[in-house]
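Reading the structure
Letter by letter, the chains look like this.
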Amino acid sequence: MHKLFFSEFRTVEWRDGIVAMVDQNLLPWEFRIVEFRDYREVAKAIKNMTVRGAPAIGATAALGLALAAYHSKATTIEELMEELRRAYEILKSTRPTAVNLFWALDRIMQVAHRTRGGVNEVKKAVVEEALRILEEDIKVNKKLGEIGSELINDGDTILTHCNAGALATVGYGTALGIVRAAVEQGKRVRVIATETRPKLQGARLTVFELIKDGIEVTLITDNMVGYCMYKGMIDKVIVGADRVLADGHVINKIGTYTIAVLASRHEVPFYVAAPTSSFDLSLTIDQVVIEERDPREVTHIRGVPITIEGVKVFNPAFDITPPELVTAIVTEKAIIKPPYDKNIPKVVRP
Ligand code: MRU
């Protein structure tokens, strides 16, 4: 069995009062670790996508709150809670779509509220809870990978979109976690990665991870998916999710819906890999906020203009795949099949 570099890799880490992460905007050309001591810098790193991917965003935001607690000079519980609330609001306003952000921040604030004792006890509890979120993320992804690997046959070619790998989580990955688990079991798996315009997470990050792990990968542009399916080149699609609703609507990187429609047309199974922390059982689809990002992401590639200056741009970062296009959703607890409105609540909130 071959040793996978990204089985042990950590996207984001806590180093005694410092948050360290690999700068994903520089990958794959440069592998640079950046360190932050201030939660406001962490918030900026989430917003400008130094760190990205729903579970990684959640874990990083948790570490942002840990920084706020760790470096706080508060002498009373009231002062500390006020500082934490301020940090919470700033971290919460970074990216609106990935539900893991709110899940992680709320979880830390609940611990802060619940903890009895003085300022030091609350600070310690906040840091410990953030570290627990990081450790759990890896365990959950490995379990999700193991469960999802049942769906993979020896010799399969899997299409994935964006990056739902180790770099999108604390480690191991969700969609790519399934691929990794299958490879670790000795199955031969090939991946087709879409480049994922506008930010190129597929071309830059998925390709980087898979090549580093010695997993065969072929890069295509986003508009080649239909042709590849028409040619019978794809056995399965596996993508990640930024938010899965109780009725099975999947919100994920822009372009996911197009792939799901094509998969349905060509009878290719369309799987979503999502830890239960990516489910949102409270909102309906019309209440979900789809992030719209800087037009420069569309008009420029790595600072180079590709169109006429000043052109009107629409740049939604995510889209919505309706439940009827989703073959199954893989979580760390079970593989969820339709009808989703019945089966999701049973698995996610048993
Ligand atoms: O804008 P990004 O790069 O944060 O978007 C990432 C995705 O859409 C991923 O597919 C999703 O977060 C799942 S990551 C396990």
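Refer to the preceding data block for the structure.
No experiment lies behind these values; they were computed from the predicted model shown. (Residues numbered from 1 in each chain as written. Predicted model: local features only at pLDDT ≥ 70, side-chain atom pairs only at ≥ 80, totals over all residues. Heavy atoms only, no water.)

Okay, the pattern of salt bridges next. Tallied over the entire structure, the rule returns 20 salt bridges. Of the charged contacts, one joins Asp156 and Lys236 as a salt bridge, the two residues approaching to 2.6 Å between their closest N and O atoms. Of the two residues, Asp156 is situated in the loop between helix H5 (119-148) and strand E4 (157-160) and Lys236 in strand E7 (residues 236-239); the sequence distance between them amounts to 80 residues. Given the relative accessible area of 5%, Asp156 is considered buried. Between Arg190 and Glu216 there is a salt bridge, with its nearest N and O atoms 3.4 Å apart. One end of the pair, Arg190, is in strand E5 (residues 190-194); the other, Glu216, is in strand E6 (residues 216-220), and 26 residues separate them in sequence. By relative accessible area, which is 40% here, Arg190 ends up partly exposed. Three or more residues are tied together by salt bridges with common partners; here these are Arg95, Glu291, Arg293 and Glu297. (Salt bridge = Lys/Arg side-chain N within 4 Å of Asp/Glu carboxyl O. Helix = DSSP H or I, 4+ residues; strand = E, 2+ residues; numbered from the N terminus. Buried < 20%, exposed > 50% of the residue type's maximum accessible area, 1.4 Å probe, protein only.)

A word on the sheet that holds strand E8 (residues 243-245). With mixed pairing, the four strands of this open sheet are ordered in space as E11-E8-E9-E14. Looking at the sheet topology across the chains shown, the edges are occupied by strand E11 (279-280) and strand E14 (318-321). Where E8 meets strand E9 (residues 250-253), two bridges bridge the pair, whose relative direction is antiparallel. Among the inter-strand pairings, Val244 is bridged to a residue of E9, identified as Val250. Across the sheet, helix H9 (residues 256-265) is in contact with E9 and E14; its angle to E14 comes to roughly 30 degrees. (Pairing = 2+ DSSP bridges. Contact = heavy atoms within 4.5 Å. Axes fitted to C-alpha atoms, helices over the stretch in contact; angles between N-to-C directions.)

Once that is clear, we can look at the site of the ligand. Around the ligand there are 18 residues in total, and Ala54, Arg95, Gln201, Asn252 and Lys253 lie nearest to it. The separation between an oxygen atom of the ligand and a polar main-chain atom of Gly53 is 2.9 Å. A distance of 2.8 Å separates an oxygen atom of the ligand from a polar side-chain atom of Gln201. Here the ligand loses 100% of its free accessible area of 410 Å² to cover by the protein chains. Elements supplying a minimum of two residues to the shell around the ligand: helix H2 (54-70) and E9. For the shell around the ligand, the class distribution of residues is eight nonpolar, six polar and four charged. (Near = heavy atom within 4 Å. Polar contact = N/O pair within 3.5 Å; in protein donor to acceptor, adjacent residues only side chain to side chain. Areas by Shrake-Rupley, 256 points an atom, 1.4 Å probe, with all protein chains shown as cover. Nonpolar A, V, L, I, M, F, W, Y, C, P; charged D, E, K, R; others polar.)

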